[in-house]
Amino acid sequence: MTESSYHTPIMLSQVLELLSPERCMATVDGTLGGGGHSEGILERLPAGAHHFGIDRDLDAINAASERLSKYEGFHPIHGNFFDMKDILPLEEYGIQAVDGILLDLGVSSHQLDDGSRGFSYGQEAPLDMRMDRTAPLSARDVVNGYDARKLFEIIRDYGEERFAYRIANAIAEAREKAPIETTTELAEIIKAAIPAPARREGPHPARRTFQALRIEVNSELAGLAEAVKNAAMLLSPGGVMCVITFHSLEDRIVKNVFRELKDPCTCPPSAPICICGKKPIAEILTPKPITADEDELLSNPRARSAKLRAIRRIHI
Ligand SMILES: C[S@@+](CC[C@H](N)C(=O)[O-])C[C@H]1O[C@@H](n2cnc3c(N)ncnc32)[C@H](O)[C@@H]1O
């Protein structure tokens, strides 16, 4: 596999411009993936700087470690960026705070394309979808174990699927005969549950449901707000955090956390002066999210739904 076939980094030049690695002595990539963004950062870091690359997927850690082994300051970490504060060995390197953080959320192309991982409705595989293959919950557990109501809510909320009710019921009915074991088996059940005219329009009928199951299996949204907030607290004054999202719910969470960091005051609007004492923690660098330009969209259609937001930690 070539480096770029693992995953093509999205909005790389925009991320590098915002992070300005040239001025950083410590940076973190919380979603290392194939290491494309990290390589751009490492190329620009000054001598003696450290870059920590976190991923919950051991495949990504191995691939990126091989790609980035020539950079002395690179430190791969297998873990969840939700635990960033606890898993970064900052003390070991005498680092008080980091100057740049990147979170490029969701799955990598490698995870989607590797048929054996069970992320893809088009490739026959056991229903897995775990980014971290040591995690206890798989898509098989969700599909066969959750009650129909819970499945409906997940498919509706995380998949934004208008036929969520029909799909959840079809799954519940099918698994009464025998457990649903494979991606293609599930894709067929979903397809049959969707009215024929709708099946013919838009993307593959199983796309939204598979996305929803992936988000549930990997707990991608529960706790994301707290994780982004905690990461921001690790920034040095002037330090920048970039977050790339691919889902409207993810983007809304990041937007709201950034707003709260900019204006944490909890005084009622009628209060003449602030009495809560909570001061702004960051300024927002992207009043509107940055999206990929036409050139990038032509060469990498996966960039279509990507939104990039950034904040800078305030000097206090
Ligand atoms: C979109 S890819 C990142 C691609 C990367 N920026 C590159 O240039 O190759 C997302 C990666 O983040 C990882 N990931 C997603 N959520 C994570 C989490 N909470 N903690 C650690 N890694 C996570 C996935 O396993 C995947 O490898």
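What you see is a predicted model; the values in this text were computed from it and never measured. (Residues numbered from 1 in each chain as written. Predicted model: local features only at pLDDT ≥ 70, side-chain atom pairs only at ≥ 80, totals over all residues.)

K.L.:
When you look at the overall build of the chain in this model, what are you seeing that I'm missing?
P.N.:
Along its length, the chain carries 15 helices and seven strands. What you see for the chain is a C-alpha radius of gyration of 21 Å, in line with the 20 Å of a compact globule of 316 residues. A principal-axis box enclosing the C-alpha atoms of the chain has dimensions of 60 × 55 × 40 Å. Split into buried and exposed, the 316 residues of the chain put 44% on the buried side. In the chain, of all internal contacts separated by at least 6 residues, the share reaching a separation of at least 24 is 67%. (Helix = DSSP H or I, 4+ residues; strand = E, 2+ residues; numbered from the N terminus. Rg over C-alpha atoms; globule rule 2.2 N^0.38 Å. Buried ≥ 20, exposed ≤ 12 C-beta atoms within 10 Å, placed from the backbone. Contact = placed C-beta atoms within 7 Å.)

K.L.:
What's the story with the site of the ligand in this structure? I'm lost.
P.N.:
Residues in contact with the ligand amount to 21 residues; listed here are only the nearest, Pro9, Thr31, Gly33, Gly34 and Gly36. Those elements that provide at least two residues to the shell around the ligand are helix 3 (36–44) and strand 2 (50–55). Class assignment of the residues belonging to the shell around the ligand gives a composition of seven nonpolar, 10 polar and four charged. (Near = placed C-beta within 6 Å. Nonpolar A, V, L, I, M, F, W, Y, C, P; charged D, E, K, R; others polar.)

K.L.:
Any chance you could explain the nonpolar core here in plain terms?
P.N.:
Soluble, globular proteins show a tendency: their nonpolar side chains are buried together. Counting residues in each nonpolar core, the largest one holds 56 residues, and the members touching the most others are Ala231, Met241 and Cys242. Looking at this core, the element that brings in the most residues is strand 5 (residues 235–245), giving six residues. Leave out the neighbours within four places in its chain, and Met241 touches Ile101, Ala231, Ala232, Leu235, Ala310 and Ile311. Of all hydrophobic cores here, the second largest spans 30 residues; its members include Ala139, Leu151, Ala206 and Ala212. (Core = buried A, V, L, I, M, F, W, Y, C linked by C-beta atoms within 7 Å.)

K.L.:
Is there a simple way to think about the pairing of strand 4 (residues 98–104) in this case?
P.N.:
Where a strand is regular, its side chains alternate between the two sheet faces. Across the seven residues that make up strand 4, a large majority, seven, are buried. As defined by bridge partners, strand 1 (residues 26–29) adjoins strand 4 across three bridges and the pair is classed as parallel. If you follow Asp29 over to strand 4, its bridge partner there is Leu102. Bridge count between strand 4 and strand 5: six bridges; the pairing is parallel. Bridge pairing links Val98 to Leu235 in strand 5. (Pairing = 2+ DSSP bridges.)

K.L.:
In this structure, what is going on with the domain arrangement of the chain? I would like to understand it.
P.N.:
Often, the extent of an interface is quoted as the loss of accessible area on bringing the components together. Domain boundaries assigned for the chain yield domain 1 (3–106 + 224–313) and domain 2 (114–217). For domain 1 and domain 2, the distance between their C-alpha centres works out to 30 Å. (Domains from an automatic or database assignment.)

K.L.:
What exactly am I supposed to notice about the packing of helix 2 (residues 12–19) against helix 3 here?
P.N.:
In the contact formed by helix 2 and helix 3, the axes pass within 10 Å of each other and the chain directions differ by 40°. Between helix 2 and helix 3, the crossing angle belongs to the class labelled oblique. Crossing angle aside, the handedness with which helix 2 passes helix 3 is right-handed. Seen from helix 2, the contacting residues are Leu12, Val15, Leu16 and Leu19; seen from helix 3, they are Gly36, His37, Gly40, Ile41 and Arg44. Partitioned by chemical class, the residues of the contact of helix 2 with helix 3 number five nonpolar, three polar and one charged. (Axes fitted to C-alpha atoms, helices over the stretch in contact; angles between N-to-C directions. Parallel < 35°, antiparallel > 145°, perpendicular 65-115°, else oblique. Left-handed = near helix turned anticlockwise from the far one by under 90°.)

K.L.:
Is there a simple way to think about the environment of Thr27 in this case?
P.N.:
Relative to the assigned elements, Thr27 resides in strand 1. C-beta crowding within 10 Å serves as the criterion here: with 25 such atoms nearby, Thr27 is assigned to the buried category. Spatially, the C-alpha atom of Thr27 lies 9.3 Å from that of Gly239, the residues being 212 residues apart in sequence.

K.L.:
I'm lost on helix 12 (residues 207–217) in this one. Help?
P.N.:
Since the α-helix packs 3.6 residues into each turn, any two residues three or four apart lie on the same face. Extensive coverage of helix 12 is indicated by the burial of 10 of its 11 residues. Here helix 12 has its buried residues at Arg208, Thr209, Phe210, Gln211, Ala212, Leu213, Arg214, Ile215, Glu216 and Val217. Residues of helix 12 that are buried sit in contact with helix 7 (139–145), helix 8 (148–159), helix 9 (164–177) and helix 10 (183–193). Looking one or two places after helix 12, you find Ser219, whose phi comes out positive at around 45°.

K.L.:
Explain helix 8 to me, please; I cannot follow it from the model alone.
P.N.:
Taking 1.5 Å as the rise per residue, helix 8 with 12 residues should run 16 Å; its terminal C-alpha atoms sit 15 Å apart, in good agreement. When helix 8 is considered as a whole, its buried residues turn out to be Leu151, Phe152, Ile154, Ile155, Tyr158 and Gly159. In this fold, the buried residues of helix 8 make contact with helix 9 and helix 12. Just beyond helix 8, the residue with positive phi is Glu160, at close to 50°. (Expected span 1.5 Å × (residues − 1).)

K.L.:
Can you walk me through the packing of helix 9 against helix 10 in this structure?
P.N.:
What describes two packed helices is the angle between their axes and the distance between those same axes. Contact pair helix 9 / helix 10: the axes reach a minimum separation of 9 Å and the direction vectors enclose 130°. It follows from the interaxial angle that helix 9 and helix 10 lie oblique. Crossing hand, helix 9 versus helix 10: right-handed. Residues Arg166, Ile167, Ala170, Ile171 and Ala174 of helix 9 lie in contact with helix 10, whose contacting residues are Ile189, Ile190, Ala192 and Ala193. A breakdown of the residues in the contact of helix 9 with helix 10 according to their chemical character gives eight nonpolar, no polar and one charged.

K.L.:
Explain the sheet that holds strand 3 (residues 74–78) here, please?
P.N.:
Sheet strands pair by backbone hydrogen bonding; their relative direction is either parallel or antiparallel. Read across the open sheet, the seven strands follow the order 3-2-1-4-5-7-6; overall the sheet is mixed. Because the sheet does not close on itself, it has two edges, and the strands there are strand 3 and strand 6 (282–284). Strand-to-strand twist across the sheet, computed as the mean angle between neighbouring axes with direction ignored, equals 15°. Of the pairings in the sheet, the one linking strand 1 to strand 2 comprises four bridges and is parallel in character. Across the sheet, residue Val28 finds its bridge partner in strand 2, namely Phe52. Where helix 4 (residues 58–68) meets the sheet, it contacts strand 2 and strand 3, and its direction lies at approximately 170° from that of strand 3.

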